[in-house]
Amino acid sequence: MPPYFSEIEGAFPPGSNQPSRFFDLVSRSINPNLESLIEEVDQSDYSLTDWVEALIEFDNWLSAKNVDIRPFNTMTGYIRCCTEMNAPQISLPTLKVIVHQSLTKFGFDASNASQI
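Computed from a predicted structure; not experimentally measured. Each chain carries its own residue numbering, running from 1 in the written order of its sequence. A pLDDT threshold of at least 70 governs which residues receive local features in this predicted model, and a stricter bar of 80 or more applies before side-chain atom pairs are shown or counted, although totals over entire chains, interfaces and linings include all residues. Note that water and hydrogens are dropped before the side-chain values are worked out from all heavy atoms of the structure.

Asker: Help me out: how do you make sense of the packing of aromatic side chains in this one?
Answerer: Two rings from Phe, Tyr or Trp (for Trp, the six-membered ring) form a pair when their centres are within 6.5 Å of each other. A pair whose planes differ by under 30 degrees is stacked, one over 60 is edge-to-face, and the rest are tilted. A full pass over the atoms with the stated rule returns five aromatic pairs. Ring centres 5.2 Å apart and planes at 75° place the aromatic pair Phe22 and Phe23 in the edge-to-face group. We call a residue buried when its accessible area falls under 20% of the maximum for its residue type, exposed when it is over 50%, and partly exposed in between, using a 1.4 Å probe and counting protein chains only. The exposure class of Phe23 is buried, given its relative accessible area of 11%. Aromatic side chains Phe58 and Tyr78 sit 5.3 Å apart centroid to centroid with 65° between the ring planes, which places their arrangement in the edge-to-face category. In this pair, Phe58 is assigned in helix H4 (residues 48–64) and Tyr78 in helix H5 (residues 72–84), connecting sequence segments 20 residues apart. On the basis of relative accessibility, which here comes to 17%, the residue Tyr78 falls in the buried class. What counts as a helix is a DSSP run of H or I of at least four residues, what counts as a strand is a run of E of at least two, and both are numbered from the N terminus.

Asker: Can you walk me through the packing of helix H3 (residues 34–43) against H4 in this structure?
Answerer: A pair of packed helices is characterised by two quantities: the angle between their axes and the separation of those axes. Two elements in contact, H3 and H4, have axes whose closest approach is 9 Å; the angle formed by their N-to-C orientations is 120°. When the interaxial angle is binned, H3 and H4 end up oblique. At the point where H3 passes H4, the crossing takes the right-handed sense. Contact with H3, carried on its side by Leu37, Ile38, Glu40 and Val41, involves Leu48, Trp51 and Leu55 of H4 and no other residues of that element. Grouping the constituent residues of the contact of H3 with H4 by class yields six nonpolar, no polar and one charged. All axes here are fitted lines through C-alpha atoms, helices being fitted over the stretch that makes contact, and every angle between N-to-C directions spans 0 to 180 degrees. For this classification, under 35 degrees means roughly parallel, over 145 means roughly antiparallel, 65 to 115 means roughly perpendicular, and everything else is oblique. A clockwise turn of the near helix away from the far one marks a right-handed crossing, whereas an anticlockwise turn of less than a right angle marks a left-handed crossing. Contact criterion: two residues are considered in contact whenever any of their non-hydrogen atoms come within 4.5 Å of each other. All residues other than Ala, Val, Leu, Ile, Met, Phe, Trp, Tyr, Cys, Pro, Asp, Glu, Lys and Arg, Gly among them, are scored as polar; the first ten of these are nonpolar and the last four charged.

Below you can see the structure in the form of structure tokens.
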């Protein structure tokens, strides 16, 4: 069983396919550090569910761009930067939407990712 599987699976309602989609992403990623992901979640205003959904959205965006490489830790860092762009407010915008908007506006060059 992958590390943190039960925490990630338990963050979603029973029957959700998000945990399996997330672990599919992890299996295709370069040196994924799930412990670091959990630390990022703990230091942000977003939940584990939000982060997993944002990573899945990131994976979808890369797939749409025909990019095969998945530098997981760099993707997580990109999402952390997206969380820091938010001004303090009563209601947080959806993280996966922020990530999608950032990717659309600024892009992401996986071939230049720092961990590769």
